[in-house]
Amino acid sequence: MLKQYFIELLEKDKREDGRKPFEYRDVSVETGVIARANGSARVKIGNTEVLVGVKLDVGTPFPDGPESGILMVNAELLPLANPNFEFGPPSKDSVELSRVIDRGIRECHAIDLDKLCIKAKEKVWMVFVDIYPINDDGNLLDAGALGAIAALKTTVLPKYDEKEEKVIHKELTKTKLPLVHSPVMTTFGKIGNNKFSDSTMREEKAIETRLSIVTTEDGNVSAMQKGGAGMFTADDVIELIEKSAELGKKLRKLVPSK
Amino acid sequence: MGGVGGPEKLIVNGKRLDGRKLNEMREMEIKVGVIPNADGSAMVTLGETKVICAVYGPKEVLPRRNLDSEKAFLNCVYGMASFSTSERNRPGPSRRSTEISKVIADALAPAIFMEKYAGLEITVIMEIINANAGTRTAAINAASVALADAGIEMRDLVCSVASGKADGQLMLDLFEPEDNFGEVDMPLAILPNTKQITLLQMDGMLTKAEAKKLIEMSMKACEQIYELQKKALKEKYGSEKESE
């Protein structure tokens, strides 16, 4: 029923809220919204709202990267944002959400993790990015990814006491997290043969499949993920890569440049 | 991608470290019906990567909260045996395996007449016995054949391969050093008869033209895999039909 309704609208190049297929709802990015966090952002896409906080700590590097800082992305899908979310261990959706956003940042080397080494094999900075949806009206992927990169852009390192070998969390330095790229994720839904961006919750209920594409400043692709039990053709994918670069350029303007 | 301690070069004199050409797949072997208890089963060997898959069902949905009155509950569980990796892999679900299980279910569902099994569960268990990259795609190849072996009604099989880029070159079917130290990894699955993509993941860095070429390369390899899958099914069922 809902599906048929959306197909009819999309075939006329329309959406139920008056948007064009590849038009986003109003997007806003606010940074520095959490005093205790080392970096933070609130992203709103229409009625979808996501809060992202970055916390830094010092830990032992992984054996396969003894001189590399550590990035950890996590999403907490609390029933606060959507009554269908459940308390308890992370659901498949929250694991996918955080891992897809993680790879979007990691795979294009957005953060220069090699600059986050304090003492090789022993101490490196650990960057924890935690994504908390506050209200889910669809497209948490794009909102979370945009929030993550905005929060990271504004992240400053806390003081590290070399003698005591510990972090003084309350004292912030002026050193920013070394960021090299601004990857932006855009997610496309598909109903029937119709593709569109920025699904609302109602549209998400009707979509057969989605494709998330992460692009960097130069328009190259740094990550992709298909989700949902539907299908895309190779031509769909190429078309959406182009759209993603185009839409990504606009969204990137909302991320603080420094 | 990336990491330390990798080989200096992944391509030497135009050949990969295991002697393959860029567009050459590792040898793949498919066996159908390897677990007598299961309704359907298969084992896929892809170079050193080995996966065993069992399908149980259609059966009652347990727990009941997973019941879907409109279509089957496709319960896919991907796991890695503790001894399958260089460093022991702690058994049980991880964040990685949870995500892979989900994308595999999304890759297989379009091939199954899900609405025919409304209110029922189809369980697909895939265990990696030995891992040398390409485990999720090998698991999909095994699962699709095991589903057919279980007599689940399907539109098509599902064929899958992971390609990527290493030393600046696009290449088919990455093995471990290329997966660990190369630049791009892109697992893909298609329904071979309609060429529809049912699994697509990518990480690394690709231009649009490279992405296009890599998809084409993978799709071609999927055609070869499809032939191997059909052959494996015929090995089990072909003779039965002739004797009828």
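Residues numbered from 1 in each chain as written. Chains lettered and ligands numbered in written order. Predicted model: local features only at pLDDT ≥ 70, side-chain atom pairs only at ≥ 80, totals over all residues. Heavy atoms only, no water.

Q: How should I be thinking about the overall build of chain B in this particular structure?
A: Secondary structure assignment for chain B yields 4 helices and 11 strands. Taking 244 residues into account, the globule formula puts the C-alpha radius of gyration at 18 Å, and chain B, at 18 Å, falls close to it. Taken over the C-alpha atoms alone, chain B extends approximately 55 × 40 × 35 Å along its principal axes. Across chain B, every contact between residues at least 6 apart in sequence was considered, and the portion connecting residues at least 24 apart equals 70%. Counting only carbon and sulfur atoms, one obtains 49% of the accessible surface of chain B, whose full area is about 10,900 Å². Mean positive and mean negative side-chain charge positions of chain B (31 and 35 charges, respectively) differ by 2 Å. (Helix = DSSP H or I, 4+ residues; strand = E, 2+ residues; numbered from the N terminus. Rg over C-alpha atoms; globule rule 2.2 N^0.38 Å. Contact = heavy atoms within 4.5 Å. Areas by Shrake-Rupley, 256 points an atom, 1.4 Å probe, with all protein chains shown as cover. Lys, Arg positive; Asp, Glu negative; His and termini not counted. Charge placed at Lys NZ, Arg CZ, Asp CG, Glu CD.)

Q: Could you clarify how one ought to interpret unusual backbone geometry in this entry?
A: Peptide bonds are trans in most cases, and residues, glycine excluded, mostly fall at negative phi. Residue B:Pro58 follows B:Gly57 across a cis peptide bond; omega there is 0°. Even without glycine at this site, A:Asn139 takes up a positive phi of about 60°. When its relative accessible area of 3% is taken as the criterion, A:Asn139 is described as buried. Positive phi, normally seen in glycine, also occurs at B:Lys195, with a value near 60°. Tracing the chain through its elements places B:Lys195 in the loop between β10 (184–191) and β11 (196–206). The exposure class of B:Lys195 is partly exposed, given its relative accessible area of 30%. (Buried < 20%, exposed > 50% of the residue type's maximum accessible area, 1.4 Å probe, protein only.)

Q: How should I be thinking about the packing of helix α2 (residues 92–106) of chain A against helix α1 (residues 95–108) of chain B in this particular structure?
A: What describes two packed helices is the angle between their axes and the distance between those same axes. Running from amino to carboxyl end, α2(A) crosses α1(B) at an angle of 105°, the nearest separation of the two axes being 9 Å. The angle between the axes of α2(A) and α1(B) places the two elements in the roughly perpendicular class. Across from A:Lys92, A:Asp93, A:Val95, A:Glu96, A:Ser98, A:Arg99, A:Val100 and A:Arg103 in α2(A), the residues of α1(B) making contact are B:Arg95, B:Arg96, B:Thr98, B:Glu99, B:Ser101, B:Lys102 and B:Val103. Per-class residue counts for the contact of α2(A) with α1(B) are 3 nonpolar, 3 polar and 9 charged. (Axes fitted to C-alpha atoms, helices over the stretch in contact; angles between N-to-C directions. Parallel < 35°, antiparallel > 145°, perpendicular 65-115°, else oblique. Nonpolar A, V, L, I, M, F, W, Y, C, P; charged D, E, K, R; others polar.)

Q: Hey, could you run me through the packing of aromatic side chains in this one?
A: Counted by the stated rule, this structure contains 3 aromatic pairs over all chains. With a centroid separation of 5.3 Å and an interplanar angle of 45°, the aromatic rings of A:Tyr5 and A:Phe6 are classed as tilted. The exposure class of A:Phe6 is buried, given its relative accessible area of 2%. On the basis of an interplanar angle of 70° and a centroid distance of 6.2 Å, the ring pair of A:Trp125 and A:Tyr160 is categorised as edge-to-face. Residue A:Trp125 is found in strand β6 (residues 123–135), and its partner A:Tyr160 is found in strand β7 (residues 156–161); the two are separated by 35 residues along the sequence. Judged by relative accessible area, which is 14%, A:Tyr160 ranks as buried. One residue, B:Lys116, lies across the ring of B:Phe113, its end atom 5.8 Å from the ring centre. (Phe/Tyr/Trp six-rings, centres within 6.5 Å; stacked < 30°, edge-to-face > 60°. Lys NZ or Arg CZ within 6 Å of the ring centre and 35° of its normal.)

Q: Before we go on, may I ask you to explain the interface of chain B and chain A in this structure?
A: Interfaces are frequently sized by the accessible area removed from exposure as the parts join. In this assembly, 36 residues from chain B lie in contact with 40 residues from chain A. The partner of A:Arg99 in a salt bridge is B:Glu99, with the nearest N and O atoms 2.5 Å apart. Between chain B and chain A we count 17 residue pairs in polar contact (both at pLDDT 80 or more) in total. For the side of chain B that touches chain A, the leading source of residues is β11(B), giving 11 residues. Along the lines of polarity and charge, the residues of the side of chain B that touches chain A split into 18 nonpolar, 8 polar and 10 charged. (Salt bridge = Lys/Arg side-chain N within 4 Å of Asp/Glu carboxyl O. Polar contact = N/O pair within 3.5 Å; in protein donor to acceptor, adjacent residues only side chain to side chain.)

Q: Hey, could you run me through the sheet that holds strand β3 (residues 28–32) of chain B in this one?
A: Across a sheet, strands are paired by hydrogen bonds formed along the backbone, either parallel or antiparallel in direction. Residues and elements named next belong to chain B. Strand order in the open sheet formed by 5 strands is β3-β4-β5-β7-β6, and the pairing between neighbours is mixed. The two strands at the open ends of the sheet, each matched to only one other strand, are β3 and β6 (73–80). This sheet shows a mean twist of 15° between the axes of neighbouring strands, independent of strand direction. Where strand β4 (residues 40–46) and strand β5 (residues 49–60) come together, 7 bridges link them in antiparallel fashion. By the bridge assignment for β5, alanine 42 is matched with cysteine 53. Contacting β6 and β7 (120–130), α1 crosses the sheet at an angle of about 135° to β6. Along the sheet face, helix α2 (residues 135–149) touches β3, β4, β5, β6 and β7 and points at about 40° away from the line of β5. (Pairing = 2+ DSSP bridges.)

Q: How do you make sense of the pattern of salt bridges when you look at a structure like this?
A: Two side chains carrying opposite charge are able to pair once their charged atoms lie near each other. Per the stated rule, a full pass over the model turns up 38 salt bridges over all chains. Across the pair A:Asp112 and A:Lys115 runs a salt bridge, and its minimum N-O distance is 3.6 Å. A relative accessible area of 59% means that A:Lys115 is categorised as exposed. Put simply, B:Lys116 and B:Glu153 hold a salt bridge, and the shortest N to O gap is 2.8 Å. You can see B:Lys116 sitting in the loop between α1 and β7 and its partner B:Glu153 sitting in the loop between α2 and β8 (159–166), a full 37 residues away along the chain. Classification of B:Lys116 by relative accessible area gives exposed; the value is 52%.

Q: Teacher, can you tell me more about the sheet that holds strand β9 (residues 184–191) of chain A here?
A: Judged by pairing direction, the sheet is antiparallel, and its 8 strands sit side by side in the order β10(A)-β9(A)-β11(A)-β12(A)-β11(B)-β10(B)-β8(B)-β9(B) without closing on themselves. The sheet is open, and its two borders are formed by β10 (194–197) of chain A together with β9 (169–171) of chain B, each paired with just one other strand. Taken pair by pair, the neighbouring strands of this sheet meet at an average axis angle of 20°, ignoring direction. When β10(B) meets β11(B), the two strands line up antiparallel, connected through 5 bridges. In the sheet register, B:Ala189 faces β11(B), and the bridge partner there is B:Leu199.

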